[in-house]
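# Observations on chain architecture
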Amino acid sequence: MTDGIWAIVGEKEQRSPENLANNATFGLIVTDAGAVLVDPGGSWRGAEALHEAIRSVTDQPVVFVINTGGQDHRWLGNGYWQAQGATVIASADAVADQQARASMQMTGLAQFLGDQLTGTEPAHATVTFDERHTLDLGGLTIEIVHPGAAHTPGDSFVWVPERDTVFTGDIVYVERILGVGEQSSISEWPASFEAMAATGAAHVVPGHGHATTMERARADTYDYLMNLRSQIGALIEDGGDIMDAPAVDQSAFSYLEQFDALAGRNAQTAYQQMEWE
(Lines give C-alpha, C1' and ligand atoms only; values in the text may rest on other atoms or scores of the structure.)
Protein backbone atom coordinates (compact mmCIF):
# COMPACT_ATOMS: atom_id res chain seq x y z
CA MET A 1 0.00 0.00 0.00
CA THR A 2 2.68 2.42 1.15
CA ASP A 3 6.13 1.87 2.67
CA GLY A 4 5.83 -0.82 5.37
CA ILE A 5 2.04 -0.48 5.54
CA TRP A 6 -0.36 -3.29 4.64
CA ALA A 7 -4.10 -3.81 4.62
CA ILE A 8 -5.13 -7.44 5.18
CA VAL A 9 -8.62 -7.52 3.72
CA GLY A 10 -10.99 -10.20 5.01
CA GLU A 11 -14.41 -11.17 3.73
CA LYS A 12 -17.33 -8.75 3.88
CA GLU A 13 -19.75 -11.60 4.60
CA GLN A 14 -20.87 -13.19 7.89
CA ARG A 15 -18.50 -15.14 10.17
CA SER A 16 -17.93 -18.74 9.02
CA PRO A 17 -15.69 -21.78 9.61
CA GLU A 18 -13.84 -20.76 6.44
CA ASN A 19 -13.05 -17.17 7.47
CA LEU A 20 -12.44 -18.02 11.15
CA ALA A 21 -14.24 -14.78 12.19
CA ASN A 22 -11.68 -12.75 10.21
CA ASN A 23 -14.54 -11.14 8.26
CA ALA A 24 -13.01 -7.68 8.60
CA THR A 25 -10.00 -5.65 7.46
CA PHE A 26 -6.80 -5.73 9.51
CA GLY A 27 -3.69 -3.56 9.35
CA LEU A 28 0.04 -4.18 9.50
CA ILE A 29 2.78 -1.64 10.21
CA VAL A 30 6.29 -2.98 9.62
CA THR A 31 9.36 -1.25 11.10
CA ASP A 32 13.01 -2.22 11.62
CA ALA A 33 12.17 -2.73 15.31
CA GLY A 34 9.26 -5.10 14.77
CA ALA A 35 5.71 -5.07 13.42
CA VAL A 36 2.45 -3.72 14.79
CA LEU A 37 -0.78 -5.56 13.99
CA VAL A 38 -3.98 -3.54 13.96
CA ASP A 39 -6.56 -6.04 15.29
CA PRO A 40 -5.66 -9.63 16.12
CA GLY A 41 -8.27 -11.73 14.31
CA GLY A 42 -11.53 -13.19 15.57
CA SER A 43 -10.29 -16.50 17.00
CA TRP A 44 -7.05 -18.35 17.83
CA ARG A 45 -7.07 -19.96 14.38
CA GLY A 46 -8.02 -16.65 12.80
CA ALA A 47 -4.95 -15.10 14.42
CA GLU A 48 -2.83 -17.99 13.11
CA ALA A 49 -4.15 -17.31 9.60
CA LEU A 50 -3.23 -13.63 9.95
CA HIS A 51 0.24 -14.62 11.13
CA GLU A 52 0.65 -16.72 7.98
CA ALA A 53 -0.29 -13.71 5.85
CA ILE A 54 2.12 -11.49 7.79
CA ARG A 55 5.01 -13.94 7.31
CA SER A 56 4.47 -13.68 3.55
CA VAL A 57 5.48 -9.98 3.65
CA THR A 58 7.93 -9.65 6.57
CA ASP A 59 10.24 -11.62 8.85
CA GLN A 60 9.77 -9.03 11.60
CA PRO A 61 8.02 -10.33 14.71
CA VAL A 62 4.70 -8.80 15.74
CA VAL A 63 5.64 -6.92 18.92
CA PHE A 64 2.43 -4.93 19.45
CA VAL A 65 -1.21 -5.74 18.70
CA ILE A 66 -3.82 -2.97 18.83
CA ASN A 67 -7.48 -3.73 19.55
CA THR A 68 -9.49 -1.00 17.80
CA GLY A 69 -12.78 -1.94 19.45
CA GLY A 70 -15.03 -4.51 21.05
CA GLN A 71 -16.20 -6.66 18.14
CA ASP A 72 -14.93 -10.26 18.21
CA HIS A 73 -12.47 -9.85 15.32
CA ARG A 74 -10.95 -6.87 17.11
CA TRP A 75 -9.88 -8.87 20.16
CA LEU A 76 -10.65 -12.61 20.38
CA GLY A 77 -7.34 -13.44 18.67
CA ASN A 78 -5.42 -11.71 21.50
CA GLY A 79 -4.53 -14.97 23.27
CA TYR A 80 -2.62 -16.24 20.23
CA TRP A 81 -0.53 -13.08 19.95
CA GLN A 82 0.15 -12.90 23.67
CA ALA A 83 1.44 -16.48 23.42
CA GLN A 84 3.89 -15.21 20.74
CA GLY A 85 5.10 -12.52 23.17
CA ALA A 86 3.24 -9.52 21.72
CA THR A 87 1.92 -6.70 23.91
CA VAL A 88 -1.78 -5.93 23.36
CA ILE A 89 -3.04 -2.33 23.58
CA ALA A 90 -6.67 -1.15 23.74
CA SER A 91 -8.77 1.71 25.05
CA ALA A 92 -10.21 1.13 28.52
CA ASP A 93 -13.69 1.53 27.01
CA ALA A 94 -12.93 -1.25 24.50
CA VAL A 95 -11.79 -3.62 27.25
CA ALA A 96 -14.94 -2.88 29.28
CA ASP A 97 -17.08 -3.61 26.20
CA GLN A 98 -15.14 -6.81 25.47
CA GLN A 99 -15.64 -8.00 29.04
CA ALA A 100 -19.34 -7.18 28.93
CA ARG A 101 -19.94 -9.05 25.66
CA ALA A 102 -17.34 -11.87 25.83
CA SER A 103 -19.77 -14.62 26.84
CA MET A 104 -22.30 -13.62 24.17
CA GLN A 105 -19.59 -13.36 21.50
CA MET A 106 -18.10 -16.75 22.37
CA THR A 107 -21.55 -18.35 22.24
CA GLY A 108 -22.22 -16.75 18.85
CA LEU A 109 -18.85 -17.81 17.45
CA ALA A 110 -19.37 -21.39 18.63
CA GLN A 111 -22.43 -21.46 16.34
CA PHE A 112 -20.69 -19.77 13.40
CA LEU A 113 -17.28 -21.48 13.65
CA GLY A 114 -17.98 -24.84 15.32
CA ASP A 115 -14.74 -26.78 15.92
CA GLN A 116 -12.72 -23.96 14.37
CA LEU A 117 -13.19 -22.00 17.59
CA THR A 118 -10.92 -24.48 19.41
CA GLY A 119 -8.18 -22.73 21.39
CA THR A 120 -9.96 -19.39 21.53
CA GLU A 121 -10.26 -17.91 25.02
CA PRO A 122 -11.03 -14.31 25.99
CA ALA A 123 -7.80 -12.41 26.72
CA HIS A 124 -7.51 -8.67 27.18
CA ALA A 125 -5.00 -5.89 26.59
CA THR A 126 -2.32 -5.39 29.21
CA VAL A 127 -1.79 -1.76 28.15
CA THR A 128 -4.92 0.41 28.28
CA PHE A 129 -5.57 4.11 27.79
CA ASP A 130 -8.49 6.53 28.10
CA GLU A 131 -8.22 8.80 25.05
CA ARG A 132 -4.78 8.52 23.43
CA HIS A 133 -1.68 6.32 23.45
CA THR A 134 1.50 6.90 21.43
CA LEU A 135 3.93 4.21 20.30
CA ASP A 136 7.38 5.13 18.99
CA LEU A 137 8.76 2.17 17.11
CA GLY A 138 11.51 1.91 14.51
CA GLY A 139 11.42 5.62 13.71
CA LEU A 140 7.64 5.74 13.33
CA THR A 141 5.18 7.51 15.58
CA ILE A 142 1.96 5.52 15.92
CA GLU A 143 -0.91 7.41 17.55
CA ILE A 144 -3.84 5.38 18.89
CA VAL A 145 -6.87 7.60 19.50
CA HIS A 146 -10.23 6.76 21.08
CA PRO A 147 -12.42 9.71 20.04
CA GLY A 148 -15.68 8.32 21.42
CA ALA A 149 -18.18 5.61 20.62
CA ALA A 150 -18.95 4.51 17.05
CA HIS A 151 -19.77 0.93 16.03
CA THR A 152 -18.74 -0.06 19.56
CA PRO A 153 -18.20 2.00 22.75
CA GLY A 154 -14.40 1.71 22.69
CA ASP A 155 -13.55 2.26 19.01
CA SER A 156 -10.13 3.73 18.21
CA PHE A 157 -8.28 4.76 15.09
CA VAL A 158 -4.53 4.40 14.50
CA TRP A 159 -2.73 7.31 12.84
CA VAL A 160 0.75 6.96 11.33
CA PRO A 161 1.67 10.50 10.22
CA GLU A 162 5.01 9.55 8.61
CA ARG A 163 3.11 7.22 6.28
CA ASP A 164 0.05 9.50 5.87
CA THR A 165 -2.08 6.47 6.80
CA VAL A 166 -4.97 5.98 9.21
CA PHE A 167 -6.35 2.60 10.27
CA THR A 168 -9.93 3.32 11.27
CA GLY A 169 -11.22 0.13 12.85
CA ASP A 170 -15.02 0.03 12.78
CA ILE A 171 -15.32 3.82 12.60
CA VAL A 172 -15.26 3.32 8.80
CA TYR A 173 -16.92 0.76 6.53
CA VAL A 174 -16.53 0.96 2.76
CA GLU A 175 -18.09 -1.12 -0.02
CA ARG A 176 -20.53 -2.75 2.43
CA ILE A 177 -23.18 -1.18 4.61
CA LEU A 178 -22.14 -0.50 8.19
CA GLY A 179 -23.96 -2.15 11.09
CA VAL A 180 -25.77 -0.17 13.78
CA GLY A 181 -26.02 -2.62 16.67
CA GLU A 182 -27.19 -2.33 20.25
CA GLN A 183 -23.55 -1.67 21.19
CA SER A 184 -23.26 1.16 18.63
CA SER A 185 -23.87 4.87 19.13
CA ILE A 186 -25.80 6.55 16.33
CA SER A 187 -25.31 9.88 18.14
CA GLU A 188 -21.52 9.72 18.72
CA TRP A 189 -20.41 7.85 15.60
CA PRO A 190 -20.45 10.88 13.24
CA ALA A 191 -18.23 12.89 15.63
CA SER A 192 -15.85 9.94 15.97
CA PHE A 193 -15.66 9.82 12.17
CA GLU A 194 -14.85 13.54 12.04
CA ALA A 195 -12.07 13.13 14.62
CA MET A 196 -10.55 10.42 12.42
CA ALA A 197 -11.03 12.50 9.26
CA ALA A 198 -9.23 15.44 10.88
CA THR A 199 -5.97 13.52 10.35
CA GLY A 200 -6.35 14.32 6.64
CA ALA A 201 -4.78 10.94 5.88
CA ALA A 202 -4.13 10.17 2.21
CA HIS A 203 -4.42 6.42 2.88
CA VAL A 204 -7.40 5.03 4.79
CA VAL A 205 -7.49 1.40 5.94
CA PRO A 206 -11.13 0.82 6.97
CA GLY A 207 -12.56 -1.71 9.40
CA HIS A 208 -14.37 -3.42 6.53
CA GLY A 209 -13.55 -3.20 2.83
CA HIS A 210 -10.40 -2.37 0.87
CA ALA A 211 -7.90 0.42 1.53
CA THR A 212 -9.45 3.61 0.29
CA THR A 213 -9.55 7.41 0.31
CA MET A 214 -11.06 9.74 2.88
CA GLU A 215 -13.61 10.78 0.24
CA ARG A 216 -14.86 7.22 -0.19
CA ALA A 217 -14.84 6.66 3.57
CA ARG A 218 -17.02 9.74 4.02
CA ALA A 219 -19.44 8.67 1.28
CA ASP A 220 -19.93 5.10 2.52
CA THR A 221 -19.89 5.75 6.29
CA TYR A 222 -20.43 9.36 7.36
CA ASP A 223 -22.99 10.21 4.68
CA TYR A 224 -24.85 6.98 5.41
CA LEU A 225 -24.99 7.75 9.14
CA MET A 226 -26.14 11.33 8.59
CA ASN A 227 -28.89 10.25 6.19
CA LEU A 228 -30.07 7.61 8.66
CA ARG A 229 -30.11 10.15 11.50
CA SER A 230 -32.01 12.63 9.33
CA GLN A 231 -34.59 10.10 8.13
CA ILE A 232 -35.22 8.60 11.58
CA GLY A 233 -35.31 12.08 13.18
CA ALA A 234 -38.03 13.11 10.74
CA LEU A 235 -39.97 9.89 11.37
CA ILE A 236 -39.92 10.46 15.14
CA GLU A 237 -40.94 14.10 14.69
CA ASP A 238 -43.89 13.00 12.56
CA GLY A 239 -45.05 10.59 15.26
CA GLY A 240 -44.01 7.42 13.42
CA ASP A 241 -43.16 4.33 15.43
CA ILE A 242 -40.40 1.73 15.25
CA MET A 243 -42.37 -0.49 12.88
CA ASP A 244 -42.21 2.33 10.32
CA ALA A 245 -38.43 2.67 10.64
CA PRO A 246 -37.36 0.06 8.04
CA ALA A 247 -39.32 1.94 5.36
CA VAL A 248 -37.36 5.22 5.68
CA ASP A 249 -35.51 6.19 2.50
CA GLN A 250 -31.98 4.77 2.46
CA SER A 251 -32.08 4.04 -1.27
CA ALA A 252 -29.11 6.33 -2.02
CA PHE A 253 -26.98 3.70 -0.31
CA SER A 254 -28.43 0.58 -1.92
CA TYR A 255 -25.14 0.22 -3.84
CA LEU A 256 -23.50 -0.97 -0.60
CA GLU A 257 -23.08 -4.73 -0.14
CA GLN A 258 -25.42 -6.33 2.43
CA PHE A 259 -27.80 -3.38 2.10
CA ASP A 260 -30.92 -5.56 1.94
CA ALA A 261 -29.83 -7.59 4.97
CA LEU A 262 -28.97 -4.69 7.27
CA ALA A 263 -30.63 -1.41 6.25
CA GLY A 264 -33.96 -2.13 7.93
CA ARG A 265 -32.36 -3.40 11.12
CA ASN A 266 -30.07 -0.36 11.24
CA ALA A 267 -33.13 1.89 10.98
CA GLN A 268 -34.89 0.16 13.87
CA THR A 269 -31.83 0.34 16.12
CA ALA A 270 -31.35 4.01 15.21
CA TYR A 271 -34.99 4.65 16.13
CA GLN A 272 -34.54 2.98 19.53
CA GLN A 273 -31.52 5.13 20.29
CA MET A 274 -32.82 8.42 18.89
CA GLU A 275 -36.25 8.40 20.49
CA TRP A 276 -34.45 9.11 23.80
CA GLU A 277 -32.17 11.85 22.48
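Cut-off values and rules
Going along each chain's sequence as written, the residues are numbered from 1 onward. It should be noted that, the model being predicted, local features are given only for residues of pLDDT at least 70 and side-chain atom pairs only at 80 or more, the latter also being counted only at that level, while totals for whole chains, interfaces and linings use all residues. Hydrogens and waters are ignored; side-chain quantities use all the structure's heavy atoms. Strands are runs of DSSP state E lasting at least 2 residues, helices are runs of H or I lasting at least 4, and numbering of each runs from the N terminus. We call a residue buried when its accessible area falls under 20% of the maximum for its residue type, exposed when it is over 50%, and partly exposed in between, using a 1.4 Å probe and counting protein chains only. In this description, contact between two residues means that some pair of their heavy atoms is separated by no more than 4.5 Å. Each accessible area is a Shrake-Rupley result for a 1.4 Å probe, and residues are judged covered by the shown protein chains and nothing else. Charged residues are defined narrowly, with Lys and Arg counted positive, Asp and Glu counted negative, and His plus the chain ends left uncounted. Taken as the charge location is NZ of Lys, CZ of Arg, CG of Asp or CD of Glu. When DSSP finds two or more bridges between two strands, those strands count as paired. Note on geometry: axes are lines fitted to C-alpha atoms, helical ones only across the stretch in contact, with angles between N-to-C directions running from 0 to 180 degrees. Nonpolar cores are built from buried Ala, Val, Leu, Ile, Met, Phe, Trp, Tyr and Cys residues. Side-chain atoms within 4.5 Å join them into one set.

### Remarks on the overall build of the protein
The number of helices and strands found in the protein is 6 helices and 11 strands. Dimensions of the protein, computed from the C-alpha atoms along their principal axes, are close to 60 × 40 × 30 Å. Here the protein, with 277 residues, has 56% of them falling under the buried criterion. For the protein, contacts bridging at least 24 residues in sequence account for 69% of all contacts bridging at least 6. Accessible area of the protein: about 11,100 Å², with a carbon and sulfur share of 47%. Of the charged side chains in the protein, 13 are positive and 38 negative, and the gap between their average positions amounts to 4 Å.

### Quick notes on the sheet that holds strand β3 (residues 34-38)
Taking strand neighbours across the sheet as the criterion, the 6 strands line up as β1-β2-β3-β4-β5-β6 in an open arrangement whose pairing is mixed. Since the sheet does not close on itself, it has two edges, and those belong to β1 (5-9) and β6 (127-129), each with one partner. Going from strand to strand, the sheet's axes swing by 20° on average, the running direction of each strand aside. Bridging between strand β5 (residues 87-91) and β6 involves 3 bridges; their strand directions are parallel. The partner of Ala90 across the bridge, within β6, is Thr128. Helix-sheet contacts for helix α3 (residues 92-113) involve β4 (62-67), β5 and β6, and the interaxial angle to β5 is about 95°.

### Thoughts on the environment of Trp6
Locating Trp6 in the fold gives a position in strand β1. Owing to a relative accessible area of 36%, Trp6 belongs among the partly exposed residues under this scheme. Along the primary structure Trp6 and Glu121 are separated by 115 residues, whereas in three dimensions their C-alpha atoms are 27 Å apart. If sequence neighbours within four positions are ignored, Trp6 has contacts with Phe26, Gly27, Leu28, Val30, Val57 and Phe167.

### Thoughts on the sheet that holds strand β11 (residues 203-205)
Strand order across the open sheet formed by 5 strands is β7-β8-β9-β10-β11, with mixed pairing between neighbours. Of all strands in the sheet, those with a lone pairing partner are β7 (132-137) and β11, marking the two edges. Going across the sheet, the axis of each strand differs from the next one's by a mean of 20°, ignoring polarity. Looking at chain direction, β7 and strand β8 (residues 140-145) are connected through 6 bridges and run antiparallel. Following the sheet pairing, Thr134 is matched in β8 by Glu143.

### Focus: the nonpolar core
If you look at the biggest cluster of nonpolar residues, it comprises 38 residues, and the most contacted ones within it are Val166, Ile171, Trp189, Phe193, Met196, Leu228 and Ile232. Elements with a minimum of two residues in this core: β9 (157-160), α4 (189-197), α5 (214-237) and α6 (259-274). For this core, the element with the most residues is α5, which contributes 8 residues. What Val166 contacts, discounting residues up to four positions off in sequence, is Phe157, Val158, Trp159, Met196, Thr199, Ala201, His203, Val204, Val205 and Met214.

### With respect to the pairing of strand β2 (residues 25-31)
Of all the 7 residues making up β2, 7 are buried; the element is thus mostly covered by neighbouring parts of the structure. Neither face of β2 is open: one carries Thr25, Gly27, Ile29 and Thr31, the other Phe26, Leu28 and Val30, and all of them are buried. The pairing of β1 with β2 spans 5 bridges and is antiparallel. Within β2, the residue paired with Ile5 across the bridge is Ile29. Pairing between β2 and β3: 5 bridges, direction antiparallel. If you follow Leu28 over to β3, its bridge partner there is Leu37. Counting the residues between successive antiparallel strands, the hairpin from β2 to β3 contains 2 residues.

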